[in-house]
Amino acid sequence: MNRMRIGLAIVLVLAIVYSAYGFYQISKNTAQAYAPTIYTQQWQKAMEWVRENTSPSAVFGHWWDYGYWVQSIGKRATVLDGGNYYGYWNHLMGRYALTGTSNEEALSFLYSHNTTHFLIDSTDIGKYGAFSSIGSGTTNDRMSFIPTLYRDSSQKKETKNGTILIYPGGFGLDEDIIYEQNGSKIFLPASKAGVVAVLLEFNNQGELIEQPQAVFVYQNKQYQLPMRYAYQNTLRDFGSGIEAGVFVMPRIINGQQFDKNGAVLYLSKRTVNSQLARLYLYNEQNPYFKLVHVEDDFGVAQLKEGMYTNSSFVDYGGFRGPIKIWEINYPAGMKVNESEIRTEFPDSKLNQAL
């Protein structure tokens, strides 16, 4: 590895790790004011499917940005919409249905609001910082984000079985990492330590063959630690390492050069097992969420037709992915949770924190 390049990345991390809170606030405020500005072909086609294949009495759950789209184009009711009339429901949607790790908690909230279908759009990846902030408690326990790292084509290392590729980073940790390595305990504090690179080893066919490694910096020291999870066409759990992972995807560079493994999403402990990651990114076969429709991004669909890739996720001028819609199959015996249909925050401190 070129230590000079990593050294430059360290400088970048040290310059930004102290601004994590500001990042969260910017993300939150951006999402609160953001909604799609044109009726894209992808959304038109997805909503055509909704009109023709779901009951007129269907109720859709999703982040609030898409409420008016589902109502006006899809002609279906939604739990949330751009009116944001009940801020507490935004909090619960962010906390349980998108960033939570529990099927039971997500189902409780969705059932209490008569939700029949669940929808995630590709822009939810970029909005993770916003709805995780809104979905946090008073201790900011959900606050996180999903950064994209790009392969540095000038850096690689040949090995016996393949090639190690380098994906430089430059962002702070969303929570402390405590890890024991070679008999020593490593402590990397949130906001003060940062990720400077991810290292992935691929074979000649571009398939991931070794456990991913993340390079962290804290107090001018580097730490290379294994990551437990990796996704490349399927989710792999290596059974050890820090509770974090990578999502590997193709990248189109300058609108024409195709790089099969050109980008990765870094998934921290707070995001790697979230509902969004498991359902949307990993395509988890979930007994309660049955995937009933996938509407590819127009550009990604063209790449598939041209046989460039079979991936529904591509970094092509930014993250591009499908609109996914699930039909919810509730377990028997569920009851409405009255605390989740109330219209005011149960705790004034929580309201003030958000």
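Residues numbered from 1 in each chain as written. Predicted model: local features only at pLDDT ≥ 70, side-chain atom pairs only at ≥ 80, totals over all residues. Heavy atoms only, no water.

### Quick notes on the packing of aromatic side chains
Counted according to the given criterion, the structure contains 18 aromatic pairs. In textbook terms, an aromatic cluster arises when at least three aromatic residues are bridged by ring pairs, as seen for Y231, F247, Y280, Y282, F313 and F319. Stacked on the ring of Y280, the Lys or Arg K324 has its end atom at 5.5 Å from the ring centre. (Phe/Tyr/Trp six-rings, centres within 6.5 Å; stacked < 30°, edge-to-face > 60°. Lys NZ or Arg CZ within 6 Å of the ring centre and 35° of its normal.)

### Quick look at unusual backbone geometry
One non-glycine residue, K75, adopts positive backbone phi at about 60 degrees. Mapped onto the elements, K75 comes out in the loop between α4 (67-72) and β2 (77-78). For K75, a relative accessible area of 52% puts it in the exposed group. The phi angle at N254 is positive, at roughly 55 degrees, despite the residue not being glycine. (Helix = DSSP H or I, 4+ residues; strand = E, 2+ residues; numbered from the N terminus. Buried < 20%, exposed > 50% of the residue type's maximum accessible area, 1.4 Å probe, protein only.)

### Let's talk about the layout of surface pockets
Taken as a whole, the second largest pocket holds about 420 Å³ of empty space. Forming the boundary of the second largest pocket are 21 residues, of which N233, T309, N310, S311 and S312 lie nearest the centre. Those elements that place two or more of their residues in the lining of the second largest pocket are β13 (242-253), β14 (257-267) and α8 (275-281). The dominant element in the lining of the second largest pocket, judged by the number of residues it contributes, is β13, at four residues. Split by residue class, the lining of the second largest pocket holds ten nonpolar, eight polar and three charged. (1 Å grid on protein atoms, 1.4 Å probe; cavity = no way out; pocket = protein on both sides within 12 Å on 5 of 7 lines; lining within 4 Å. Points joined across faces, edges and corners; volume = space filled by probe spheres on them. Nonpolar A, V, L, I, M, F, W, Y, C, P; charged D, E, K, R; others polar.)

### Focus: the confidence of the model for the protein chain
The predicted coordinates ought not to be read in detail in places where the model reports low pLDDT. On average, residues of the protein chain carry a pLDDT of 89, and 87% of them reach 70 or more. pLDDT under 50 marks residues 8-39. Its contacts with residues more than four places away, or in other chains, come to 55 contacts. (pLDDT = per-residue confidence, 0-100. Contact = heavy atoms within 4.5 Å.)

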